[in-house]
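Given next are the chains, with one letter for each unit.
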Amino acid sequence: MGALALTSKHKYRAPFEPLMPGVQFVEFGNLEAVKKAVRPGSTAAIFVEPVQGEGGIYPAMADFLQGLRDVCNDAGALLVFDEVQCGLGRSGHLWAHEACGVQPDIMTLAKPLAGGLPIGAVLVTNAVANTIVPGDHGSTFAGGPLVCTAALAVLDRIQEPGFLGDVAAKGHRFCELLTQKLNSNIHVKEVRGSGLLVGIELDVSASPLVAAARTAGLIVLTAGNGSIIRLAPPLVITDVEIEKAVDILADCIKVLD
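Conventions and cut-offs
Residues numbered from 1 in each chain as written. Predicted model: local features only at pLDDT ≥ 70, side-chain atom pairs only at ≥ 80, totals over all residues. Heavy atoms only, no water. Helix = DSSP H or I, 4+ residues; strand = E, 2+ residues; numbered from the N terminus. Rg over C-alpha atoms; globule rule 2.2 N^0.38 Å. Buried < 20%, exposed > 50% of the residue type's maximum accessible area, 1.4 Å probe, protein only. Contact = heavy atoms within 4.5 Å. Areas by Shrake-Rupley, 256 points an atom, 1.4 Å probe, with all protein chains shown as cover. Lys, Arg positive; Asp, Glu negative; His and termini not counted. Charge placed at Lys NZ, Arg CZ, Asp CG, Glu CD. Core = buried A, V, L, I, M, F, W, Y, C linked by side-chain atoms within 4.5 Å. Disulfide = S-S within 2.5 Å. Phe/Tyr/Trp six-rings, centres within 6.5 Å; stacked < 30°, edge-to-face > 60°. Lys NZ or Arg CZ within 6 Å of the ring centre and 35° of its normal. Axes fitted to C-alpha atoms, helices over the stretch in contact; angles between N-to-C directions. Parallel < 35°, antiparallel > 145°, perpendicular 65-115°, else oblique. Left-handed = near helix turned anticlockwise from the far one by under 90°. Nonpolar A, V, L, I, M, F, W, Y, C, P; charged D, E, K, R; others polar. Pairing = 2+ DSSP bridges.

Visitor: For this particular structure, what's the right way to read the overall build of the chain?
Guide: Per the secondary structure count, the chain includes nine helices and ten strands. Relative to a compact globule of 257 residues, whose C-alpha radius of gyration would be 18 Å, the chain shows 19 Å and is just as compact. Its C-alpha atoms put the chain at 55 × 40 × 35 Å along the principal axes. The proportion of buried residues among the 257 residues of the chain is 42%. Counting only contacts in the chain whose residues sit at least 6 apart along the sequence, the fraction spanning at least 24 positions is 60%. Total accessible area on the chain is roughly 13700 Å²; 57% of this is exposed by carbon and sulfur atoms. The chain carries 19 positive and 26 negative side-chain charges, and their two centres are separated by 5 Å.

As structure tokens, this is what we get:
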């Protein structure tokens, strides 16, 4: 219920309201709005994704994350990064926030950590850890021996020499090809991303394109307000598979006309 209270989309919140009180949403990237919302001594924490996933594939600017760090330091609040979707190599860095050089007090991880098996993890600084005692934090799926073995295998693979560099290069290639083959369509506003988390922003609903791509053999998702195609392929995707995915999207995008 706490995590749901921190989720801004009404359709997810509505069936479970009333939720945990005391949560305020501000525009992503708007540091001045954050400063107005924070109350020193009463604001507990700022939660943010270094790269928004569900919100629409928006990478945070380094000065925004650094500004959040400064605001938290001044207000005595914690800075929490949600890297469930953008972490663990997807951005081309082990953690997405590494690109900006800003350190959080708490970082949340989950599904990619064990290659899809149910697991959750919370990383905290020593200062935060020193305030926690047994019973303060727990999870049904946090640390079973099976999923932890899988997580160790995932971490070993991600930390192999050159792996993260390959992710970054494949993400750049993905965006480059998408831009080349889709930008001529009048409904494509922007292609953006961070590593292998890529978004295609449209000026219409993305649902018809999602359905057409699925029929053609490519599974993609929507994000944001439903007008953004979200691409989050396996980090081991090959160049041939990237080209095939782009070709499918280029062929299916005519359904938007």
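Here the narrative resumes.
Visitor: Where do I start with the nonpolar core in this structure?
Guide: Counting residues in hydrophobic clusters, the biggest one holds 61 residues, and the most contacted among them are Leu 68, Phe 174, Leu 178, Ile 200, Ile 229 and Leu 231. Per-element accounting of this core gives the leading share, seven residues, to helix H7 (residues 163-182). Once residues lying within four places of it in the same chain are set aside, the contact partners of Ile 200 are Leu 178, Leu 182, Val 188, Glu 190, Val 191, Ser 227, Ile 228, Ile 229, Leu 231 and Leu 249.

Visitor: So what exactly am I meant to see when it comes to the state of the cysteines here?
Guide: Each disulfide is one covalent bond, formed between the sulfur atoms of two cysteines. Evaluation of the coordinates by the stated rule reveals zero disulfides. Between Cys 100, a cysteine without a disulfide, and Cys 86, which holds the nearest cysteine sulfur, the sulfur-to-sulfur distance is 10 Å. By relative accessible area, Cys 100 is classed as partly exposed at 21%. No disulfide involves Cys 175; its sulfur sits 15 Å from that of Cys 86, the nearest cysteine.

Visitor: Would you mind going over the packing of aromatic side chains with me for this structure?
Guide: By convention here, two paired aromatic rings are described through the distance between centres and the angle between planes. The final tally for this structure, using the stated rule, is one aromatic pair. With centroids separated by 5.6 Å and ring planes inclined at 70 degrees, the aromatic side chains of Phe 28 and Phe 64 adopt a geometry described as edge-to-face. Placement of Phe 28 in the loop between helix H2 (10-13) and helix H3 (31-37) and of Phe 64 in helix H4 (residues 62-75) is noted, with a sequence separation of 36 residues between them. Residue class for Phe 28 comes out partly exposed when judged on its relative accessible area of 23%. A cation sits over an aromatic face here: Arg 192 above Tyr 58, 3.9 Å from the ring centre.

Visitor: Looking at this structure, how should I read the packing of helix H8 (residues 207-215) against helix H9 (residues 239-252)?
Guide: Helix-helix packing is described using two parameters, namely the angle between the two axes and the distance between the axes. Direction vectors running N to C along H8 and H9 enclose 125 degrees, while the axes themselves pass 9 Å from each other. Here H8 lies oblique to H9, going by the angle between them. In the packing of H8 onto H9, the handedness of the crossing is right-handed. Of the residues in H9, those in contact with Leu 209, Ala 212 and Ala 213 of H8 are Ile 248, Leu 249 and Cys 252. Residue classes in the contact of H8 with H9 are distributed as six nonpolar, no polar and no charged.

Visitor: How do you make sense of the pairing of strand S1 (residues 45-48) when you look at a structure like this?
Guide: A regular strand places its side chains on the two faces of the sheet in alternate fashion. Only one face of S1 is covered, namely the one carrying Ile 46 and Val 48; the face carrying Ala 45 and Phe 47 has none of its residues buried. Pairing of S1 with strand S4 (residues 78-82) involves four bridges; the strand directions are parallel. Residue pairing across strands places Phe 47 opposite Val 80, the latter belonging to S4.

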